[in-house]
Number of protein chains: 2
Amino acid sequence: MKELGTHIMLAHGNGGRFMRELIGELFARHFANPDLDTGVDSAALPPTDSGLFVTTDSFIVDPLEFPGGDIGSLAVHGTVNDLAVSGATPQWLTISFLIEEGFEIDRLERIAASIGRAARECDVHIVAGDTKVLPRGQGGGLYLTASGIGTRTSGVDLSMEKIRPHDVILVNGPVGDHGTAVLLARGAFGLHGNLRSDSASVLPYTNAAQKFAGLRFMRDPTRGGIATVGNEISLRTGLRIVLDETTLPVSDEVRGVCDMLGYDPLYLASEGRVVAVVDPGEAVSLLNAWRALPGGERAAVAGSIEAGRRCVVLRTTLGGERLLDELEDDPLPRIC
Amino acid sequence: MKELGTHIMLAHGNGGRFMRELIGELFARHFANPDLDTGVDSAALPPTDSGLFVTTDSFIVDPLEFPGGDIGSLAVHGTVNDLAVSGATPQWLTISFLIEEGFEIDRLERIAASIGRAARECDVHIVAGDTKVLPRGQGGGLYLTASGIGTRTSGVDLSMEKIRPHDVILVNGPVGDHGTAVLLARGAFGLHGNLRSDSASVLPYTNAAQKFAGLRFMRDPTRGGIATVGNEISLRTGLRIVLDETTLPVSDEVRGVCDMLGYDPLYLASEGRVVAVVDPGEAVSLLNAWRALPGGERAAVAGSIEAGRRCVVLRTTLGGERLLDELEDDPLPRIC
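Residues numbered from 1 in each chain as written. Chains lettered and ligands numbered in written order. Predicted model: local features only at pLDDT ≥ 70, side-chain atom pairs only at ≥ 80, totals over all residues. Heavy atoms only, no water.

Caption draft 1: Representation of the sheet that holds strand β7 (residues 142-152) of chain B in the model. Strand order in this open sheet of five strands is β1(A)-β2(B)-β7(B)-β5(B)-β6(B), and the pairing throughout is mixed. If you trace the sheet from one side to the other, it starts and ends with β1 (43-45) of chain A together with β6 (125-134) of chain B, each paired once. Each adjacent strand pair in this sheet contributes to an overall mean axis angle of 20 degrees, direction not counted. Sheet topology note: the strand β5 (residues 88-100) of chain B/β7 of chain B ladder contains 11 bridges and is antiparallel. Bridge assignment links Trp92 of chain B to a residue of β7 of chain B, and that residue is Ile149 of chain B. (Pairing = 2+ DSSP bridges. Helix = DSSP H or I, 4+ residues; strand = E, 2+ residues; numbered from the N terminus. Axes fitted to C-alpha atoms, helices over the stretch in contact; angles between N-to-C directions.)

Rendered as structure tokens:
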């Protein structure tokens, strides 16, 4: 790595020798796969005979590295998960880097290695990228934008329009871990803890769920948390969404931090969770299938769909109901 | 627009109500097309029976609006052009916004309108997007990342590997206008001028060129300019690239600014230019086809490929030769 120097210079983004070396010696080495050619303007994808899905997401998380992941693995998982919950098999990624002048090359390499590792674990190929360098003071270290392309899984057709009253809402594990872990990693409020981000691919869960004919819809509860997923469903379907505090899993540490700081874990981001809406007749079977997966032990019923006035409510452990409105303020900027 | 307020707040990026309204009332209105559904995690693309190409690019240009374009039209043209020069027909775009807190919503709307207009002109559909808001001071106003997907044009197969000695290098107009126009728009060095960016789709030119069986390769001379395209070809093919100062078009205003400030126009970005390498037997016909296009009057021979030691040289008007090395320094950051 010595040839690359120790810190990013403006010249690493100018199209010339330094950029070519950065791409060739750092990115190409960690992203290597049969579909990647860093010398072309656009990548030719191998032919497919199924329909395609496409998604894009930018990542601005601070700090860039946190317990359980970093901005690189987060970008891969976030993009893979957006495809997975849509009923697609993720196949190809593009990644664009906005790097601030002065950024440590060792750190960039750790993050690139993490991207490469996460992509291999998810069996997706990085096929195109871009590198721009921002003058010192005009960027927060590193921002990533990933786009993903997936092939449609045969026979799977999911949408909010399929959701009916009495459908059951499942979640594959405790919610709010990512948002809370990133908050703790900032050392804000003098708090520290052992909590790790849940950042992970949800492919094992979406693959298992797609085998159920009664699966209506899936979504990953990232920005805005599971309460925001509830609001999106409610707005689109006009139905009443009931989340159930007695069954919806939240880890003790997340609950402790949230109680202390006044956050609601239902609005905090998870990055390895999936919410599924399923026909009530298949809910138990799907829940058991999820619980049988490694790491799926805490999958649970999150709530249900009800007929009646459009809204999202939390049925509390005390038997009351609390309205879960759409998020207005941003309690935690730069969380994903 | 009143409902959206006047300036971007952190809450416009939190997944909640403000973000939904921003997407629904501003982006969706300007980007509307039959393939766009802002309520899904990933967009289903209509089926195609040809191979696909994919590309990605981030845009960090300063100022965001300049004579001849803005960051929005630039993002569309840059992405469309990367597909066009690869022998693809651009079909779908994704656009991700990194917006700094406090950004004017009127300005965001002008840029969104420009994106929508450019996309319609290029006949591409925006199918997915993302919005993140950076806390004040952590972003330079607005950064965009666009990814593009195109379908392979039947019978067209371009690559640097096809380039042979004696092939002719053509360019569809004067080079360096974009870089120089952005520099002037900054008001740097107290300079002002009437120069407009050449930012445009090169599709009319790539479509015309693809009809020639002797077309080997095309590239758009953006970051690093036409000298960098020469170096990329030379590095990959091991051939000697000769650019010809007597025929390679540079506008008087670009030359004047460059002479004054010590820049070389051959290293400055164009954003509506395409460089084609073509069999010498078809060079004149292709040049005439380009010159017959609206705006193509100044298309010209830029140089030729020669056998011999790998390098890029400029044959000067005085009959001498000047080495055009790979770019090292970045003379003009945030140009595209």
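Resuming the write-up.
Caption draft 2: Fine view of the environment of Leu134 of chain B. By secondary structure assignment, the location of Leu134 of chain B is in strand β6. Leu134 of chain B gets classed as buried once you look at its relative accessible area, which sits at 0%. Along the primary structure Leu134 of chain B and Met9 of chain B are separated by 125 residues, whereas in three dimensions their C-alpha atoms are 9.1 Å apart. Non-local contacts of Leu134 of chain B, meaning those with residues more than four positions away in its chain, are made with Ile60, Tyr143 and Arg334 of chain A together with Leu10, Leu98, Ile99, Glu100, Glu101 and Gly139 of chain B. (Buried < 20%, exposed > 50% of the residue type's maximum accessible area, 1.4 Å probe, protein only. Contact = heavy atoms within 4.5 Å.)

Caption draft 3: How the structure looks around the sheet that holds strand β7 (residues 142-152) of chain A. If you walk across this open sheet you meet the five strands as β6(A)-β5(A)-β7(A)-β2(A)-β1(B), and the pairing is mixed. Each edge of the sheet is formed by a strand with only one pairing partner; in this case those strands are β6 (125-134) of chain A together with β1 (43-45) of chain B. Along the sheet, successive strands turn relative to each other by an average axial angle of 20 degrees, direction set aside. Sheet analysis places strand β5 (residues 88-100) of chain A next to β6 of chain A, joined by nine bridges and oriented parallel. Bridge pairing links Ile95 of chain A to Gly129 of chain A in β6 of chain A.

Caption draft 4: Highlighting the state of the cysteines. Applying the stated criterion across every chain yields a total of zero disulfides over all chains. Not engaged in a disulfide, the cysteine Cys122 of chain A finds its nearest cysteine sulfur in Cys336 of chain A; these two sulfurs lie 17 Å apart. Exposure remark for Cys122 of chain A: the relative accessible area of 6% places this residue in the buried category. Cys258 of chain B takes part in no disulfide bond, and the closest cysteine sulfur, belonging to Cys336 of chain B, lies 15 Å away. (Disulfide = S-S within 2.5 Å.)

Caption draft 5: Quick look at the relation of the copies chain B and chain A. Each copy of the sequence occupies a distinct position, and chain B is placed on chain A by a rotation of 180 degrees and an axial shift of 0.0 Å, giving an RMSD of 0.0 Å. The operation mapping one copy onto its partner corresponds to a two-fold rotation axis. It is Gly139 of chain B whose C-alpha, among those of chain B, lies nearest the rotation axis, at 2.5 Å. Counting the interface residues of chain B, we find that 100% of their copies in chain A are interface residues as well, pointing to one common contact surface. (Least-squares fit on C-alpha atoms with pLDDT ≥ 70 in both.)

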